[in-house]
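# Coordinate analysis (summary)
Residues per chain, in single letters:
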Amino acid sequence: MQSRVAEYGAFRLGIYPARVLEPEVPPTVRVPYTVYPPYALLLFVPFFEPFGKIQGRIVVEVLSLAALVALARYGRRLPGLRGSAAVGLGAVAALAISGNGNSLALGQFSLICAGAILMQIEMLERGRPFAAAGWWVVAMLKPQMALAFAGLFVVRREWRALVLAAGVLVAMSLGAFWWTDISPRRLVDYVTHLMTFGFSSGQTLSGGFHSALGVQAPLLIVGASLLGLVLLPLLVRWFLTRRGVVGARNVEPLFLAALFALPGRELMYHRFYDNVMMFPLLFALLEAACRRPSPASIASAALMGSSLWIPERLLDLIPFHEVLRPTAWAMCAVALVAGAGRTGGPGEGAVASPKPDVDPIGVDAHGAAISPPLGPA
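Residues numbered from 1 in each chain as written. Predicted model: local features only at pLDDT ≥ 70, side-chain atom pairs only at ≥ 80, totals over all residues. Heavy atoms only, no water.

### Overview of the overall build of the protein
Test applied: To qualify as a helix, a DSSP run of H or I must reach at least 4 residues; to qualify as a strand, a run of E must reach at least 2; elements of each kind are numbered from the N terminus. Relative accessibility under 20% of the residue-type maximum defines a buried residue, over 50% an exposed one, and the middle range a partly exposed one, all with a 1.4 Å probe and only protein chains included. Computed with the Shrake-Rupley method and a 1.4 Å probe, the accessible areas treat only the protein chains shown as cover for residues.
Of regular secondary structure, the protein possesses 19 helices and two strands. Of all 377 residues assigned to the protein, the portion counted as buried reaches 52%. For the protein, the exposed surface amounts to about 17500 Å²; the carbon and sulfur share of it is 68%.

This is the structure:
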């Protein structure tokens, strides 16, 4: 967080936090280096303005704790959970993810962004796509966590919400350029020709993106990662269309978010305290295990949970853990899709054929047909 304070301090003075972009600043003036995109500099304002580091520490901790409360509330209310033991597990599942304590201790934004992603999911469940777009903009404070979840808007064909969110990010970026008197083209030239991506290397980083940097072609890797994040929603939408789910609006947003959590984790660089972004897959697997208990569903939920709950220092003792864990996550995601496809029905978190306007699964006291719910309350 202190690094963010320094970056915002430079921005507050009209200096873009990158020395290579500010050649006219005297060498005696220390210019910090930021890996955050330009729009994030404006998102820093409510954290550090006007009281700086003390305000930032309070705001980060309060919002992080609020995000944990929201995750616990959502987890305990998963509609598939039955019984006090299952409800209790749902409540603590996201809280127990290894790295949350480090996020609090370091003043990291990871928990805040996870909370914003959760609110994006909830707003889509409530049929409020523009509110979901606003929360996604907040989550884009850390784009490596939030970018993949733009796929929810694409698959659900919430184009206006996505355009609104993208427009807000572009407008804030232009505002940052105007305030610092930096040309957008200079930043593009820097990223494409001079940026070393040294921030995405180190022993504390993990994921497929980090592993791929060993080929010494960072721009190619970044381009491939972004292309993958763009194509993935289209692939998911094609898959749902083949299953007969037109528009995919009757598929639970949590189920869709679970599908995007893994590629978001593996196609971008992360430190272990970003693992909280995997909560949609964890929640979806827990609910599936309770709704449709089977050896496969229970084993998938247990595997996913243990991979996130075991402390990172213990996982580091397992040979090839940096390959084994993403492989386990991929297997869990496949099991989730396979299980949903077997049961059918959006009320069951599946991607099966669309139901008729009225699904006669029962009748009320007046003889009228009762339809199943389309997603979590």
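Having seen the structure, we can now continue with the description.
### Regarding the packing of aromatic side chains
Defined as follows: Working definition: a ring pair exists when centres of Phe, Tyr or Trp rings (six-membered ring for Trp) sit within 6.5 Å. Plane angles under 30 degrees give stacked, over 60 give edge-to-face, the rest tilted.
Evaluated as defined, the whole model comprises 13 aromatic pairs. Ring geometry for Tyr 74 against Phe 283: centres 5.9 Å apart, planes inclined by 25°, an arrangement best described as stacked. Note that Tyr 74 is positioned in helix 4 (residues 53-76) and Phe 283 in helix 16 (residues 279-291), a separation of 209 residues in sequence. Each member of the pair Tyr 74 and Phe 283 is classed as buried. Here a set of aromatic residues connected by ring pairs shows up, and it is made of Tyr 8, Phe 11, Tyr 36, Phe 44, Phe 47, Phe 48 and Phe 109.

### Details of the layout of surface pockets
To locate leftover empty space, one rolls a probe as large as a water molecule over the atoms. Put simply, the rule reads: The rule is simple: put a 1 Å grid over the protein atoms alone, call a set of points where a 1.4 Å probe fits but cannot get out a cavity, call an open set with protein on both sides within 12 Å along at least five of seven lines a pocket, and count a residue as lining if it has an atom within 4 Å of a point. Grid points are joined across faces, edges and corners, and a volume is the space filled by probe spheres set on the points. In this classification, Asp, Glu, Lys and Arg are treated as charged, Ala, Val, Leu, Ile, Met, Phe, Trp, Tyr, Cys and Pro as nonpolar, and every other residue, Gly included, as polar.
The volume enclosed by the second largest pocket comes to roughly 360 Å³. Considering the residues around the second largest pocket, the lining is formed by 18 residues, among which Arg 4, Val 35, Tyr 36, Gln 108 and Arg 271 are closest to the centre. Sorting the residues of the lining of the second largest pocket by element identifies helix 1 (2-12) and strand 2 (270-271) as the ones contributing at least two each. The dominant element in the lining of the second largest pocket, judged by the number of residues it contributes, is helix 1, at three residues. Considering only residue class, the lining of the second largest pocket consists of eight nonpolar, five polar and five charged.

### Structural notes on the side chain of Ser 300
The following threshold applies: Two residues form a contact once any of their heavy atoms are found within 4.5 Å.
As for its position among the elements, Ser 300 is in helix 17 (residues 295-309). Looking at Ser 300, the relative accessible area reads 10%, which means it is buried. Beyond its immediate sequence surroundings of up to four residues, Ser 300 is in contact with Leu 285, Cys 332 and Ala 335.

### So, the pattern of salt bridges
Our working rule: For this document, the term salt bridge refers to a Lys or Arg side-chain nitrogen within 4 Å of an Asp or Glu carboxyl oxygen.
Enumeration according to the criterion identifies ten salt bridges in this entry. The partner of Glu 49 in a salt bridge is Arg 12, and the shortest N-O contact between them spans 2.8 Å. Of the two residues, Glu 49 sits in the loop between helix 3 (45-48) and helix 4 while Arg 12 sits in helix 1, which places them 37 residues apart along the sequence. Looking at Glu 49, the relative accessible area reads 26%, which means it is partly exposed. Looking at Arg 12, the relative accessible area reads 45%, which means it is partly exposed. When the shortest N-O distance is used, the salt bridge between Arg 57 and Glu 61 registers 3.5 Å. One end of the pair, Arg 57, and the other, Glu 61, are both in helix 4, four residues apart, so they sit about a helical turn from each other. One salt-bridge network, in which partners are shared between bridges, spans Arg 73, Glu 122 and Arg 126.

### Let's talk about the nonpolar core
How we decide: Working definition of a nonpolar core: buried Ala, Val, Leu, Ile, Met, Phe, Trp, Tyr and Cys residues. They are joined through side-chain atoms within 4.5 Å.
By size, the foremost hydrophobic cluster in this structure holds 97 residues, and its most contacted members are Phe 109, Trp 136, Phe 149, Met 278, Phe 279, Phe 283 and Met 304. Looking at this core element by element, the count peaks at eleven residues for helix 7 (residues 110-125). When neighbours within four sequence positions are excluded, Phe 279 is seen to be in contact with Leu 71, Ala 94, Ala 114, Ile 117, Leu 118 and Ile 121.

### Some thoughts on a nonpolar patch on the surface
Cut-off, in case you're wondering: A residue counts toward a patch only above 30% relative accessible area and without a salt bridge, and it is joined to like-charged neighbours within 9 Å or, for Val, Leu, Ile, Met, Phe, Trp and Tyr, to nonpolar neighbours within 5 Å.
A cluster of nonpolar side chains, Leu 227, Val 230, Leu 231 and Leu 234, forms an exposed patch at the surface whose accessible area comes to about 370 Å². As for its position among the elements, Leu 231 is in helix 14 (residues 218-242).

### Observations concerning helix 15 (residues 253-266)
So the rule is basically this: Expected helix span is taken as 1.5 Å per residue step, with the number of steps being one fewer than the number of residues. Bend is the name given here to the angle between axes fitted to two runs of seven residues, the run ending at a residue and the run starting at it.
Over its 14 residues, helix 15 extends 21 Å from the first C-alpha to the last, a length consistent with the 20 Å expected when each residue adds 1.5 Å. At Phe 260, helix 15 shows its strongest bend, of approximately 25°, with the proline Pro 263 following within four residues. A large share of helix 15 lies buried, amounting to 14 of its 14 residues.

### Re the confidence of the model for the protein
Condition: Confidence of the predictor at the level of single residues is given by pLDDT, which spans 0 to 100.
Averaged over the protein, the pLDDT score is 82; the fraction of residues at 70 or greater is 80%. Element-level mean pLDDT values for the protein span from 48 in strand 1 (residues 205-206) up to 97 in helix 8 (residues 129-139). Confidence drops under a pLDDT of 50 for residues 343-377, and excluding neighbours within four residues, the segment shows 63 contacts in the predicted structure.

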